[in-house]
Amino acid sequence: MTVEDMEQYGLTKMSDEEMRDFVSTQRMGVLALPADDAPYVVPMSFGYDGASTLYFTFVGGPDSRKRTLIERAETVRFLTYAAQSAFNWESVLLTGTVERVPEPQWEAIRDVLETAWRPDVFEAARESEAVVVYRFTADDWAGIKHTGLPPGFDADESSA
């Protein structure tokens, strides 16, 4: 089924503004990197510049699979979502390119980087491990949401 087929059940495409507003309220998502056997999918926190760029901070050595795959990727995808219930959820899928941010540029994006959520274990690891920042530029956005009542549920009948 397509999104259009599901509109009768309350599923709708998000506008550009809705997608940007939604991404600006999120701090976690799923990064999908191309790999030889199957896509490599990893949860990631991110900072968002409010326009079309996300920033990821990687903690760990240069031999990590994640770093190896992102360095050779031409195109990556990132999904962020929120699900309050089965009938109230939103998701935005971003497709784009990624590049390493040179350390001298980190100060200029410090405010954006600091908006990313990080568990305490990663904050502690940052003190002793290598840190690398990547810039993800979204070329394509797709967002859908369902913010209604279950199919067949009529609010007027429920109050009777």
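**Description of the pairing of strand β8 (residues 131-147)**
As defined by bridge partners, strand β1 (residues 11-13) adjoins β8 across 3 bridges and the pair is classed as antiparallel. Bridged to Leu11 within β8 is His146. Here 7 bridges tie strand β5 (residues 53-59) to β8, and the two strands are oriented antiparallel to one another. Within β8, the position partnered with Val59 by the bridge is Val131. The sheet contact formed by strand β7 (residues 88-101) and β8 spans 14 bridges and is antiparallel. Opposite Trp89, over in β8, you have His146 as the bridge partner.

**As for the environment of Met14**
Inspection of the secondary structure assignment puts Met14 in the loop between β1 and α2 (16-25). For Met14, a relative accessible area of 7% translates into the label buried. When the C-alpha positions of Met14 and Val92 are compared, they lie 8.5 Å apart, and in sequence the two are 78 residues distant. If we skip the residues at most four places from it in the chain, Met14 touches Met19, Phe22, Glu90, Ser91, Val92, Gly143, Ile144 and Lys145.

**Focus on the nonpolar core**
Counting 28 residues, the largest nonpolar core has Leu31, Leu54, Phe56 and Phe78 as the members making the most contacts within it. The element contributing the most residues to this core is β8, with 5 residues. Not counting chain neighbours up to four residues away, the residues in contact with Leu31 comprise Tyr40, Val41, Val42, Met44, Phe56, Phe58, Ile70, Val76, Arg77 and Phe78. The next biggest cluster of nonpolar side chains, apart from the first, holds 7 residues, and it includes Tyr55, Ile109, Val112 and Leu113.

**Some remarks on the side chain of Thr53**
When you line up the elements, Thr53 lands in strand β5. Sequence-distant contacts of Thr53, that is, excluding residues within four places in its chain, are made with Gly47, Tyr48, Arg135, Phe136 and Thr137.

**Remarks on the side chain of Thr95**
Position of Thr95 among the secondary structure elements: in strand β7. The exposure class assigned to Thr95 is buried, which follows from its relative accessible area of 15%. In this view, Thr95 contacts Thr75, Val76, Arg77, Phe136, Thr137, Ala138, Asp139 and Asp140; residues no more than four positions away in its chain are not counted.

**A word on helix α3 (residues 65-72)**
Each α-helix winds once per 3.6 residues, and so residues spaced three or four apart point in a common direction. Along α3, the positions that sit buried rather than exposed are Lys66, Arg67, Leu69 and Ile70. Buried residues of α3 fall within an arc of 165° about the axis and therefore sit on the same side.

**Concerning the packing of aromatic side chains**
Taken as a whole, this structure holds 5 aromatic pairs when the rule is applied. A ring pair is formed by Phe58 and Tyr134, whose centres lie 4.8 Å apart and whose planes are at 50°; its orientation type is tilted. Of this pair, Phe58 sits in strand β5 while Tyr134 sits in strand β8, and the two are 76 residues apart along the sequence. Judged on exposure class, the residue Phe58 and its partner Tyr134 are both buried. Here the aromatic cluster, defined as three or more aromatic residues joined through ring pairs, consists of Phe46, Phe56, Phe78 and Phe136. Of note, Arg20 hangs over the ring of Trp141, and the distance from its end group to the ring centre comes to 4.4 Å. Here the basic side chain of Lys66 rests over the ring of Phe58, its NZ or CZ set 4.5 Å away from the ring centre.

Analysis parameters
Residues numbered from 1 in each chain as written. Predicted model: local features only at pLDDT ≥ 70, side-chain atom pairs only at ≥ 80, totals over all residues. Heavy atoms only, no water. Pairing = 2+ DSSP bridges. Helix = DSSP H or I, 4+ residues; strand = E, 2+ residues; numbered from the N terminus. Buried < 20%, exposed > 50% of the residue type's maximum accessible area, 1.4 Å probe, protein only. Contact = heavy atoms within 4.5 Å. Core = buried A, V, L, I, M, F, W, Y, C linked by side-chain atoms within 4.5 Å. Arc of directions from axis to C-beta. Phe/Tyr/Trp six-rings, centres within 6.5 Å; stacked < 30°, edge-to-face > 60°. Lys NZ or Arg CZ within 6 Å of the ring centre and 35° of its normal.

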